[in-house]
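An overview of the molecular structure
Here's the letter readout for the chains.
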Amino acid sequence: MKPTKKILVSNKEKNFLVSREAASTLFNELNFSDSDFELDFSNVEFISRSYADQFYKLKDDLEKRFNTKIHIINASEEVINMLHVVSKTQNLNERNFEKIPVYRFSKMDNLSDYLFSI
Amino acid sequence: MEIKIPNRFSDNFGEPLNYIIKQLIIINQENPTKLIFDFSGSKFISPFIIGSIIAVTNHLRRKGKTVSFKVDGNSNVTNYFETICFPNGYNFEGLSSAEMNAKLEEYGLKTFIPLVLFPTGANQAESTLRENVLSAINSILKKQLKLEGSILEAVYYLIDELTNNISDHSSSEKGILFAQFYPTKNYMDICIIDYGKGIRQTYLDSGKANPSTDEEAIEFAIKGKSTKDQSISRGFGISTSRNMITDGLKGKFFIYSGNALFYQNSEKQEIISLPQEANYQGCMIALRVPILPNSQFNFYKYTQ
């Protein structure tokens, strides 16, 4: 099993991630050959549809190419919902395979917020 | 160690589930030799709480721990526990199918079923008892829900498939079934839980799959990856059940095993990876099933 590196997606409080480039930049900075990753969305308040789409495509592609695992942690309900929306608009074959997103929370309060939202 | 059960839980589906996970974290961290569940201040107790407390109690007792229940003169809870047969479940031993139906007839006028701890063995005696018990429970539900046709069939199907999973896979001493119908809110909450080896260990023991994490094991289960030799089309029964309940009936489906949980409604489905200390060794399924006449729902569309 590979070691897991934790990456903070944004250092700023209440950050808004809106461009495809921001998603590409995030993944370009990671070295996938020697570890799995946890992408920590703690400070992210909003992601645009474009960001989410690019994020989803790159994550999926890199996981397959490098046989690596990329976990999303501490995402807000809004971020989760946007990633869910774009997952439904990917190509038909992949939709048929029904990809299920995996989320993780490092604080119990965030997990509680999630559970109260379901 | 004492765990105080709150006065009441709201309608929120996730509230009791959040409570259960929080308490499991505390139990796992403190690893108490004696545990008391304190119901003395409780009024309305979610069926998810009832089911999970029984499962945790039986699991801890198997490990030699002492678990007890405190009600302190709370007559509401005492009467309720007596009626639902908490904590040992309704005693079905030695009853024929006809006798069960007769004895359980009074539950047809209530909004809950008795607590059922069903046997999981594959031998003829236990299989027959299990079948008779579930048949009697179905009779109660038919009277309570006052429904015919597809939705009633769906409730039967869900309980049958998900309790069979426990018998087929869990290696749990008993399976636990409890359900509460909320007529004014038009839904039913169903808890089906075991204290066996969990989904991941089931796959590992089968030799048919090698999930490296609990989240991967849950993903296998919800996609219907079989642990059985003879058939690739048979899965855990979970894949058909979750689609029936969420897509067909617009209900909610929740499953929790090891360090992972899965949630699905008609809009979304997600796996949540939990912290190590939230580990639940068995498997818990919580369902919220809308009980409304629904002419659009086609039961057979969702069966395999």
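Remember, predicted model here, so these are calculated numbers, not experimental data.

1. A short note on the pattern of salt bridges
In total, this model carries 17 salt bridges over all chains according to the counting rule given. Salt-bridge contacts for R104 of chain A lead to E38 of chain A; the nearest nitrogen and oxygen are separated by 2.2 Å. Placement of the pair is R104 of chain A in strand β6 (residues 102-104) and E38 of chain A in strand β3 (residues 36-40), with a sequence separation of 66 residues. Residue class for E38 of chain A comes out buried when judged on its relative accessible area of 15%. In this structure, the salt-bridge partner of R104 of chain A is E215 of chain B, at a minimum N-O distance of 3.9 Å. A residue pair is termed interchain when its members come from two chains, as with R104 of chain A in strand β6 and E215 of chain B in helix α8 (residues 214-222). Owing to a relative accessible area of 9%, E215 of chain B belongs among the buried residues under this scheme. One continuous salt-bridge network, built from bridges that share partners, spans E2, K4, D38 and K70 of chain B.

2. Some thoughts on the confidence of the model for chain B
Residues and elements named next belong to chain B. Put simply, chain B has an average pLDDT of 90, and 96% of its residues get 70 or more. At the low end of the mean pLDDT range in chain B sits helix α6 (residues 150-170), at 85; at the high end sits strand β2 (residues 34-38), at 98. Confidence drops under a pLDDT of 50 for residues 229-235, and excluding neighbours within four residues, the segment shows 10 contacts in the predicted structure.

3. Looking at the interface of chain A and chain B
Listed by partner, the interface residues are 22 residues for chain A and 29 residues for chain B. Interface of chain A and chain B: buried area, both sides summed, is about 2,200 Å²; carbon and sulfur atoms make up 57% of it. Interface area lost by chain A to chain B is led by I100, F116 and I118 of chain A, which between them contribute 28%. Taken together, chain A and chain B are joined by two salt bridges. Residues K69 of chain A and E216 of chain B are paired through a salt bridge, measuring 3.9 Å at the closest nitrogen-oxygen approach. Put simply, chain A and chain B have 10 residue pairs in polar contact (both at pLDDT 80 or more) between them. Looking at the side of chain A that touches chain B, the elements that each hand over two or more residues are α3 (77-87), β6 and α5 (108-117) of chain A. The dominant element in the side of chain A that touches chain B, judged by the number of residues it contributes, is α5 of chain A, at six residues. When grouped by side-chain class, the residues that make up the side of chain A that touches chain B number 14 nonpolar, four polar and four charged.

4. Some points on the sheet that holds strand β10 (residues 280-290) of chain B
The 11 strands lie next to each other as β1(A)-β3(A)-β5(A)-β6(A)-β9(B)-β8(B)-β7(B)-β10(B)-β6(B)-β5(B)-β4(B), forming an open sheet whose pairing is mixed. Across the chains shown, the open sheet's two edge strands, defined by having one partner strand only, are β1 (4-8) of chain A together with β4 (116-119) of chain B. The average undirected angle you get between the axes of adjacent strands in this sheet is 20 degrees. Relative to strand β5 (residues 70-73) of chain A, β3 of chain A is paired through four bridges, and the arrangement is parallel. Residue pairing across strands places F37 of chain A opposite I70 of chain A, the latter belonging to β5 of chain A. Together, β3 and β5 of chain A form the strand contacts of helix α2 (residues 49-66) of chain A, whose direction differs from that of β5 of chain A by roughly 145 degrees.

5. Details of unusual backbone geometry
Here F86 of chain B and P87 of chain B are connected by a cis peptide whose omega angle stands at 5 degrees. Considering the arrangement of structural elements, one finds P87 of chain B in the loop between α3 (75-84) and α4 (97-103). For N67 of chain A, which is not a glycine, the phi torsion comes out positive at approximately 50 degrees. As for its position among the elements, N67 of chain A is in the loop between α2 and β5. Of note in the backbone geometry, S171 of chain B takes a positive phi value of approximately 60 degrees without being a glycine. If you trace the backbone, S171 of chain B turns up in the loop between α6 and β5 (174-182). Taking the relative accessible area as the measure of exposure, S171 of chain B reaches 51% and is therefore exposed.

6. A short note on the confidence of the model for chain A
All names here are of chain A. Of all residues in chain A, 89% attain a pLDDT of 70 or more, and the chain-wide mean is 84. Per-element confidence in chain A ranges from a low mean pLDDT of 46 for helix α4 (residues 92-96) to a high of 94 for α5. Confidence drops under a pLDDT of 50 for residues 92-96, and excluding neighbours within four residues, the segment shows six contacts in the predicted structure.

Cut-offs and rules
Residues numbered from 1 in each chain as written. Chains lettered and ligands numbered in written order. Predicted model: local features only at pLDDT ≥ 70, side-chain atom pairs only at ≥ 80, totals over all residues. Heavy atoms only, no water. Salt bridge = Lys/Arg side-chain N within 4 Å of Asp/Glu carboxyl O. Helix = DSSP H or I, 4+ residues; strand = E, 2+ residues; numbered from the N terminus. Buried < 20%, exposed > 50% of the residue type's maximum accessible area, 1.4 Å probe, protein only. pLDDT = per-residue confidence, 0-100. Contact = heavy atoms within 4.5 Å. Buried area = accessible area lost by both parts, 1.4 Å probe. Polar contact = N/O pair within 3.5 Å; in protein donor to acceptor, adjacent residues only side chain to side chain. Nonpolar A, V, L, I, M, F, W, Y, C, P; charged D, E, K, R; others polar. Pairing = 2+ DSSP bridges. Axes fitted to C-alpha atoms, helices over the stretch in contact; angles between N-to-C directions.

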